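Notes for the structure review
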Amino acid sequence: HTFTSSARKTFEIHNATDSDINVVFSNVNIVNTYQVVYDGRCIDTRNDHINLTITNCTLTTTNVNAGSQPLTIGGSEQDGVNVVLTGTAIVAGDETAGKYGYAIITFVKTNFTIDNCDVTGYAALYVNQNDASGTTATITNSRLNGINNYQDIADNSFGAIVVHATNVTVNVSGTQVT
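All of the points below concern the structure found in this document. Treat the numbers as computed from the prediction; the structure is a model and nothing was measured.

1. Examining the overall build of the chain
A tally of regular secondary structure across the chain gives 0 helices and 20 strands. Over its C-alpha atoms the chain spans a radius of gyration of 15 Å, differing by no more than 12% from the 16 Å that the globule rule assigns to 178 residues. Considering only C-alpha atoms, the chain reaches an extent of 45 × 35 × 30 Å along its principal axes. Counting across all 178 residues of the chain, residues that qualify as buried make up 48%. Carbon and sulfur atoms form 45% of the exposed surface of the chain, whose accessible area is close to 8000 Å².

2. Here's the deal with the sheet that holds strand 5 (residues 41-46)
Adjacent strands of a sheet pair through backbone hydrogen bonds, lying either parallel or antiparallel. On the basis of which strands lie adjacent, the open sheet formed by 6 strands has the order 2-5-8-12-15-18 and parallel pairing. Edge strands, defined here as strands with exactly one partner in the open sheet, are strand 2 (9-14) and strand 18 (161-163). If you compare each strand with its neighbour and ignore which way they point, the axes differ by 15° on average. Where strand 15 (residues 123-127) and strand 18 come together, 3 bridges link them in parallel fashion. Residue Leu125 lies in a different strand from strand 18, and its bridge partner there is Ile161.

3. Some words on the packing of aromatic side chains
Taken as a whole and judged by the stated rule, the model has 4 aromatic pairs. Both rings, one in Phe3 and one in Phe11, keep their centres 5.3 Å apart while their planes meet at 80°; by these two values the pair is edge-to-face. Owing to a relative accessible area of 24%, Phe11 belongs among the partly exposed residues under this scheme. Note on Phe11 and Phe25: the rings are 5.1 Å apart at their centroids and 65° apart in plane angle, and the pair reads as edge-to-face. Of this pair, Phe11 sits in strand 2 while Phe25 sits in strand 3 (residues 21-26); the two residues are 14 residues apart in sequence, bridging distant segments of the chain. An aromatic cluster is present here, built from Phe3, Phe11 and Phe25 joined pairwise through their rings.

4. Side note on the sheet that holds strand 13 (residues 110-115)
One open sheet accounts for 6 strands, arranged 3-6-9-13-16-19; its pairing is parallel. Each of the sheet's edge strands pairs with one partner strand only, and the pair in question is strand 3 and strand 19 (169-173). The sheet shows a mean angle of 5° between the axes of neighbouring strands, taken without regard to direction. Summarising the sheet, strand 3 and strand 6 (residues 50-55) pair through 6 bridges and their orientation is parallel. What sits directly across from Val24, in strand 6, is Thr53.

5. Concerning the pairing of strand 7 (residues 58-61)
Working note: regular strand, side chains alternate between the two faces of the sheet. Relative to strand 7, strand 4 (residues 29-32) is paired through 4 bridges, and the arrangement is parallel. Bridging from a neighbouring strand, Asn32 pairs with Thr61 of strand 7. Relative to strand 10 (residues 89-94), strand 7 runs parallel, the two being bridged by 4 bridges. Residue pairing in the sheet places Thr61 in a bridge with Ala92 of strand 10.

What counts and what doesn't
- Residues numbered from 1 in each chain as written.
- Predicted model: local features only at pLDDT ≥ 70, side-chain atom pairs only at ≥ 80, totals over all residues.
- Heavy atoms only, no water.
- Helix = DSSP H or I, 4+ residues; strand = E, 2+ residues; numbered from the N terminus.
- Rg over C-alpha atoms; globule rule 2.2 N^0.38 Å.
- Buried < 20%, exposed > 50% of the residue type's maximum accessible area, 1.4 Å probe, protein only.
- Areas by Shrake-Rupley, 256 points an atom, 1.4 Å probe, with all protein chains shown as cover.
- Pairing = 2+ DSSP bridges.
- Axes fitted to C-alpha atoms, helices over the stretch in contact; angles between N-to-C directions.
- Phe/Tyr/Trp six-rings, centres within 6.5 Å; stacked < 30°, edge-to-face > 60°.

This is the structure in structure tokens:
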């Protein structure tokens, strides 16, 4: 199955309770074609107590204006979000236009388990802001590809894994990081 959307967010997961919710995406392709700078999201979470599992999926944004975010963990999570990615490909941006976004971005404390995935963006994994303090990521048997078309410009240097929060742990094993 393929879901294609030109809306800002293809799927938003919003938990308005203090109880855990489990959300599973399996064997689907999600394409977001929204064309506004720093937007275009395939899956976006809001609030905490979310257990998100994505298995054998493809998340793609085609924003030619840069800054798209196929997997965005955001909102006001205080207790954190759990994300398990297995056998999934994520591409943030448009290769032809040479514009990329943040393939996986979190603004809040998140526990990531990433296995056998192929992730490409300006940052493959971006832990943004101190609200994401305490984030952990265990990455195995995957490929994280950070595409930086601005390597000669000091203000635009970035990486495959970018951390702008405190107390973050990233464990990488059997993974190609470029």
